[in-house]
Every structure is written in structure tokens, then in C-alpha cells.
Amino acid sequence: MIKNPVQLRLEKLPQWKQRLFMVCLCERMYPNFVFYCHQQTCLQQPNEDDAKNYKKILDLVWESLLVEEVKINFDLQLEKLELIIPTVTDDSPYMVYPAIDACHALGEVLHSYLSGDIAEHTAKVSSISATTVAEFEMTKTNVTLSEDEQQTLPSVIDEFDLQWELFRLLREENNEMSELIKGLKDEIRASGISNIGVFLSN
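Definitions and cut-offs
Starting from 1, residues in each chain are numbered consecutively following that chain's sequence as written. Only residues with pLDDT of at least 70 get local features here, since the model is predicted, and only at 80 or more are side-chain atom pairs given and counted; chain-wide, interface and lining totals rely on the full set of residues. With hydrogens and water excluded, all non-hydrogen atoms of the structure serve as input to the side-chain values. Salt bridges, as used here, are contacts in which a Lys or Arg side-chain nitrogen is within 4 Å of a carboxyl oxygen on Asp or Glu. Secondary structure is summarised from DSSP: a helix means a run of H or I of at least four residues, a strand means a run of E of at least two, and numbering begins at the N terminus for each. Buried, partly exposed and exposed residues are distinguished by accessible area as a fraction of the type maximum, computed with a 1.4 Å probe on protein chains only: under 20%, between the cut-offs, and over 50%, respectively. Disulfide assignment relies on a single distance test, namely cysteine sulfur atoms paired within 2.5 Å. Only centres within 6.5 Å qualify two rings of Phe, Tyr or Trp (six-membered ring in Trp) as a pair; their planes then separate them into stacked at under 30 degrees, edge-to-face at over 60, and tilted for everything else. Two thresholds decide whether a charge sits over a ring: the Lys NZ or Arg CZ must be within 6 Å of the ring centre and within 35 degrees of the ring normal. Within the patch definition used here, like charges are joined within 9 Å and nonpolar side chains (Val, Leu, Ile, Met, Phe, Trp, Tyr) within 5 Å, considering only residues with over 30% relative accessible area and no salt bridge. Only the protein chains shown count as cover for residues, and the accessible areas themselves come from Shrake-Rupley with a 1.4 Å probe. The positive count covers Lys and Arg only, the negative count covers Asp and Glu only, and His and the chain ends enter neither. A charged residue contributes its charge at one atom only: NZ of Lys, CZ of Arg, CG of Asp or CD of Glu. For this analysis, a nonpolar core means a set of buried residues of the types Ala, Val, Leu, Ile, Met, Phe, Trp, Tyr and Cys, connected via side-chain atoms within 4.5 Å. Any two residues whose heavy atoms approach within 4.5 Å are treated as being in contact.

For the structure on display, the rule yields seven salt bridges. Here arginine 28 makes a salt bridge to glutamate 159, at a shortest N to O gap of 3.0 Å. One end of the pair, arginine 28, is in helix H2 (residues 15-42); the other, glutamate 159, is in helix H8 (residues 154-172), with 131 residues separating them in the sequence. With respect to class, arginine 28 is no different from glutamate 159; both count as buried.

Below, the structure is given as C-alpha cells:
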């Protein structure tokens, strides 16, 4: 998986800010999962409930950051997530891969609550999002690149620029925690654009 120096900086942030970083990237990957579910519906293989269930788990993670001492069974949420991870078949559309990545990223967030090893999971979510972008570009151009070459792709550079921008915001932001969390959540949801440019209409 692609790595970025921002991952070493992230581990110095407070745990709640690392989780906020992760859930922001998951929120950006959510449209990819929704788009895949819509494709399946068009193919008469409806799984609209999967998109709703992903969103419910994502909402619970946001709630865990906003509501102190909230009681959430993360083991149960992980079980629910595992049930909606797509399976690749011979006739799967390409978007099955970004959808799987979105699930794996959210799974890393849930594991961070269960294992307590925040930095490792934060780094993985960062890498998953960048790898989704790189694989999307390689698929469009039908060119296979090494990991080093993938990191030079303009779209991957843009992805890591966004991650650095998010890191700097989290590092420097001293406003009330709830204001920061709500602000980022509202901004990402309002944009409705995924890390590979999939647009989620409101």
C-alpha cells in the first residue's frame, strides 16, 4: 500500500483527532460504496440496504466523537460491516473495488476502538484512500505502475495534499472539539465528492 510521510505526523495527534482524520477519509469514500450499490440495483441485484447500513455505522463513529461516554458496541458494528463487504465475481463492475476499500477503511476505524492501537489504523486508512485513487487511475489508463510510480500520479499527489491539509487543520485547530468535528462532517457531506470524483447527490 502507498505510504505518505503524513502518517508519521498523524501518530503525534491526540487519539480523538486521529479518529477524526480516519472518519473524514471514510466519509469521502462513502460515495464510492453508494455508487456501487446503485450499480447493483440497476443490474437487478438490489443492495440499497447495504449503503444505508454503511451510513449507520459511519454515523455511529461520528457520534462516538461528538458524544462523551456514548455506549456503542463496536464488535457488533464490525460484524454488521463484514456482512456488507462486496464479493468480487467475474461480472463485477469496477466500482466493487473502491466499495471494498471503503469497507476496509471503515473496518480500520472500528478496529481502532477495539485494539486501542490508533496510529497503526490511522496509517492504514490513509494508505487505503490513496491506493483507491492510484488503482482507479491505473484502471482508466490500463497501465500497471510500481508503488513508487503510483506516488507520482497527479491524482495521488492531490489525495495526499488533501490529507496533509486535513492534518494541519487538526494540528492547529484549537476551537471547541465539537465545533471542529461538526464542521468537518458538514463540509465533507456537503461536497458529496469521493476521493476518486464520484459525486453523491443529496
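Having put the structure on the table, let's press on.
The next point concerns the state of the cysteines. Tallied over the entire structure, the rule returns zero disulfides. Considering cysteine sulfurs only, cysteine 26 is the nearest to cysteine 24, which forms no disulfide, with 9.4 Å between them. On the accessibility criterion, cysteine 24 (1% relative accessible area) is buried.

Here we come to the packing of aromatic side chains. Following the criterion strictly, the structure yields six aromatic pairs and no others. Ring centres of phenylalanine 33 and tyrosine 54 lie 5.1 Å apart, and the angle between their planes is 25°; on these two criteria the pair is classed as stacked. In this pair, phenylalanine 33 is assigned in helix H2 and tyrosine 54 in helix H3 (residues 48-66), connecting sequence segments 21 residues apart. A relative accessible area of 1% places phenylalanine 33 in the buried class. Taking the relative accessible area as the measure of exposure, tyrosine 54 reaches 0% and is therefore buried. Grouped by ring-pair contacts, the aromatic residues Tyr30, Phe33 and Tyr54 constitute a single cluster. Over the face of the ring belonging to tyrosine 113 we find arginine 19, whose NZ or CZ atom lies 3.9 Å from the ring centre.

To continue, consider unusual backbone geometry. A positive phi angle, near 65°, is found at glutamate 69, a position not held by glycine. If you trace the backbone, glutamate 69 turns up in the loop between H3 and helix H4 (74-84). Judged by its relative accessible area of 64%, glutamate 69 is exposed. Unusually for a residue other than glycine, asparagine 142 sits at a positive phi of about 55°. Judged by its relative accessible area of 73%, asparagine 142 is exposed.

Before going further, it helps to examine a negative patch on the surface. Taken together, the side chains of Asp158, Asp161, Glu165 and Glu187 make up a negatively charged region of the molecular surface. Residue contributions to the negative patch peak at three residues, all from H8. Structurally, aspartate 161 can be placed in helix H8.

In this structure, Leu20, Phe33, Tyr54, Leu58, Leu81, Leu106 and Leu170 are the most contacted members of the largest nonpolar core, which totals 59 residues. Of all the elements, H2 adds the most residues to this core, at 13 residues. If near-sequence neighbours (up to four positions away) are discounted, leucine 170 is found in contact with Leu13, Lys17, Leu20, Phe21, Leu180 and Leu184.

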